[in-house]
Amino acid sequence: MEGFDTERWAARRRPLDKLERDVVRLFVDRGDERMRPVLSVLRYALSFARLTHVRTCDGADVEVAGPVALHAQWVQRTLSPRIADADSVGALIPFLEELTARTQQARRSLLAHTPVDRDALEAEVTQRLWVVASGGGGGAGYVYPGVYQQLERSGLVPDLMVGTSIGALMSLFRARRRRYDFAPLVSAARRLSWGGVFQVLETTNRYGLPATLRLKLRNALGTLFERDDGEPMQIGDMQIPLLIVATGITVDALKHDLDYYEHLLDDDVRRSGIRAGLAGIAGTLKAIGVVREFTARRDSLRCIVLGRDPGTTEFDVLDAAGFSAAVPAVIHYDVLRHDPRMHRILGNLYGGYGITRLGEGGLTSNVPARAAWETATAGLVGGRRNAFVLALDCFAPNPRRLAWFPFQQLVRAANVNAERRFADLYVAHSRTLSPMNLVPSLRDAMTAVRWGREAIRGHMPFVREMCSPLDVLADA
């Protein structure tokens with residue numbers, strides 16, 4: 001992200017994030033409410049130590065990494081071994097007096113020597129941004145609405161949603177309203193059909209990489225994502241801020257001419273039908289081979305975050321999700337309609353990134369935890385930076401799915417392993433629909449939703465604790 005040094009701030013903040021997670025897990029595992037005051041002091045001290053910037057009440061961003069640096073080093077150096085050896089939060093009580101005194105002194109010094117005001121400081125230290133990153137994986141991603149349901153039932157409304165591919169599509173339904181309305185998703189599942197979503201045809205292509213199947217997303221879901229004036233919703237219209245990850249493909253990434261990608265699966269689909277042709281062994285192996293070729297050329301791919309990158313906040317949400325879900329040689333999405341605004345946005349995007357096509361976000365960020373974390377930490381979500389990132393992975397390697405296991409391992413090695421270090425909780429879903437079950441029956445979709453609820457339920461005590469506001473540490 002231009003102007004933001006992700007590696008620098010990750011090196012400063014992530015070790016302290018981990019210490020806080022470890023302390024909270026100690027508390028949750030033991031369930032001893034008598035230790036809550038101890039937990040509160042520990043969490044406040046860690047949150048204060050990882051401060052890098054504070055947005056003041058008058059809207060100015062003040063960098064405080066320097067003034068807090070020595071204190072942060074002392075907290076990390078001193079707490080790390082103690083937390084690692086502790087079998088409970090109570091084991092850290094002997095250290096609490098010194099930690100409290102040092103944190104109070106560091107806070108007094110910061111307020112005395114910087115323009116940061118007390119209210120802004122305490123808001124940054126004690127309040128948590130709640131960020132959900134939903135990854136790609138085709139039909140396996142129908143578990144995500146179940147996760148969103150469970151979070152809603154716990155009173156957790158995301159401050160930011162980030163999605164890739166099917167994760168982007170599912171995030172659309174969550175981000176459109178702050179209060180989660182499950183009914184539109186059920187309505188969509190009832191009426192969708194393979195023929196209504198995909199079409200086999202030869203057509204022109206302008207922005208998307210051609211493929212055997214054309215994704216007709218606007219035909220399938222357009223009425224669900226319209227503004228009150230009847231115009232298509234843009235990314236900036238979502239009530240919950242939304243980012244969608246797509247991949248910019250340069251000429252250097254194309255090993256074959258465009259005709260090759262357009263017709264690679266034609267015989268499989270025409271011989272067996274859309275669903276069977278995609279799910280067949282031959283078609284699956286061809287698709288895996290193409291994705292392998294692209295991920296081997298990562299230097300020729302550009303990770304594009306629609307809704308955050310310059311000039312993309314006006315991107316139509318369905319167009320953004322369509323491009324993010326456009327798997328090379330399998331699914332083609334494009335903007336071929338008369339739409340001067342979108343053509344202008346796409347033209348500027350292509351010129352700015354030097355790309356020739358836009359497609360599947362999973363080629364560069366299949367579980368977009370990094371985009372989620374750095375967007376929050378850069379202060380782009382209401383000026384706050386204290387974020388908890390929940391990363392959902394419906395395409396995690398699962399040896400029980402032998403046909404998909406090598407592909408899942410390929411995607412994990414390509415970018416997911418690097419993304420996971422930016423997640424505060426990474427949930428790998430083991431029970432999912434087949435990735436090729438892109439248009440499930442209502443019964444299958446509801447089963448997947450239930451699996452999603454069950455997958456997150458055991459994590460909820462930890463999540464609720466991590467996202468609860470902290471008490472302000474009293475003055476000395």
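This report concerns the structure included in the present document. Fair warning: this is a prediction, and the values are worked out from it, not measured in the lab.

Concerning the overall build of the protein chain
Here is step 1: If you tally the helices and strands in the protein chain, you get 21 helices and 12 strands.
Here is step 2: Relative to its length of 476 residues, the protein chain is compact, with a C-alpha radius of gyration of 23 Å against a globular reference of 23 Å.
Here is step 3: Dimensions of the protein chain, computed from the C-alpha atoms along their principal axes, are close to 75 × 45 × 45 Å.
Here is step 4: Taking all 476 residues of the protein chain together, the buried fraction comes to 60%.
Here is step 5: Partitioning the contacts of the protein chain with sequence separation of at least 6, the portion at a separation of at least 24 is 80%.

What to know about the pairing of strand S4 (residues 160-164)
Here is step 1: A large share of S4 lies buried, amounting to five of its five residues.
Here is step 2: Residue alternation in S4 divides its side chains into two sets, Leu160, Val162 and Thr164 and Met161 and Gly163, and both sets are buried.
Here is step 3: Judged from the four bridges that link them, strand S3 (residues 129-134) and S4 form a sheet pairing that is parallel. Within the sheet, the bridge partner assigned to Val132 lies in S4 and is Met161.
Here is step 4: Tracing the backbone out of S3, into helix H6 (residues 144-153) and back to the parallel element S4 gives a crossover that is right-handed.

Some points on the side chain of Ser300
Here is step 1: In this fold, Ser300 is placed in the loop between helix H14 (281-295) and strand S8 (301-306).
Here is step 2: For Ser300, the residues in contact, after removing those within four places along its chain, are Gly248, Ile249, Thr250, Asp252 and Ala253.

Some remarks on helix H7 (residues 166-175)
Here is step 1: A large share of H7 lies buried, amounting to 10 of its 10 residues.
Here is step 2: Residues of H7 that are buried include every one of Ile166, Gly167, Ala168, Leu169, Met170, Ser171, Leu172, Phe173, Arg174 and Ala175, and no others.

Quick notes on the packing of aromatic side chains
Here is step 1: Scanning all chains against the criterion turns up 16 aromatic pairs.
Here is step 2: For the pair Tyr180 and Phe182, a centre-to-centre distance of 6.2 Å together with 75° between the ring planes defines the contact as edge-to-face.
Here is step 3: In this structure Tyr180 comes out as buried when scored by relative accessible area, which is 11%.
Here is step 4: Under the relative-accessibility criterion, Phe182 is labelled buried at 17%.
Here is step 5: Grouping aromatic residues by their ring pairs yields a cluster made of Phe4, Trp373 and Phe422.
Here is step 6: Over the aromatic face of Trp74 sits the side chain of Arg102, whose NZ or CZ is 4.1 Å from the ring centroid.
Here is step 7: The positively charged end of Arg420 is found above the aromatic ring belonging to Tyr426, 4.0 Å away from the centroid.

Focus on the side chain of Asp309
Here is step 1: Of note, Asp309 is situated in the loop between S8 and helix H15 (317-324).
Here is step 2: The buried category is assigned to Asp309, whose relative accessible area is 7%.
Here is step 3: Look past the residues within four positions of Asp309 in its chain and what remains in contact with it is Cys303, Ile304 and Tyr353.

A closer look at the packing of helix H1 (residues 6-30) against helix H18 (residues 369-377)
When two helices pack together, their arrangement is given by the angle between their axes and by how far apart the axes lie.
Here is step 1: Interaxial distance between H1 and H18 falls to 11 Å at its minimum, and their mutual angle equals 95°. On the basis of the axis angle, H1 is roughly perpendicular to H18. From H1, Thr6, Glu7, Trp9, Ala10, Arg13, Arg14 and Asp17 reach across to H18, where they touch Arg370, Trp373, Glu374 and Thr377.
Here is step 2: Residues that form the contact of H1 with H18 fall into these classes: three nonpolar, two polar and six charged.

Points about the pairing of strand S7 (residues 242-249)
Here is step 1: The element S7 is largely enclosed, with a buried count of eight among its eight residues.
Here is step 2: The two faces of S7 match: Leu242, Ile244, Ala246 and Gly248 on one face and Leu243, Val245, Thr247 and Ile249 on the other face are all buried.
Here is step 3: Where S4 and S7 come together, four bridges link them in parallel fashion. Among the inter-strand pairings, Val162 is bridged to a residue of S7, identified as Leu243.

As for unusual backbone geometry
Here is step 1: In this model, Ser165 sits at a positive phi of 55°, which is unusual for a non-glycine residue.
Here is step 2: Considering the arrangement of structural elements, one finds Ser165 in the loop between S4 and H7.

Cut-offs and rules
Residues numbered from 1 in each chain as written. Predicted model: local features only at pLDDT ≥ 70, side-chain atom pairs only at ≥ 80, totals over all residues. Heavy atoms only, no water. Helix = DSSP H or I, 4+ residues; strand = E, 2+ residues; numbered from the N terminus. Rg over C-alpha atoms; globule rule 2.2 N^0.38 Å. Buried < 20%, exposed > 50% of the residue type's maximum accessible area, 1.4 Å probe, protein only. Contact = heavy atoms within 4.5 Å. Pairing = 2+ DSSP bridges. Right-handed = clockwise from strand over helix to strand, strands pointing away. Phe/Tyr/Trp six-rings, centres within 6.5 Å; stacked < 30°, edge-to-face > 60°. Lys NZ or Arg CZ within 6 Å of the ring centre and 35° of its normal. Axes fitted to C-alpha atoms, helices over the stretch in contact; angles between N-to-C directions. Parallel < 35°, antiparallel > 145°, perpendicular 65-115°, else oblique. Nonpolar A, V, L, I, M, F, W, Y, C, P; charged D, E, K, R; others polar.

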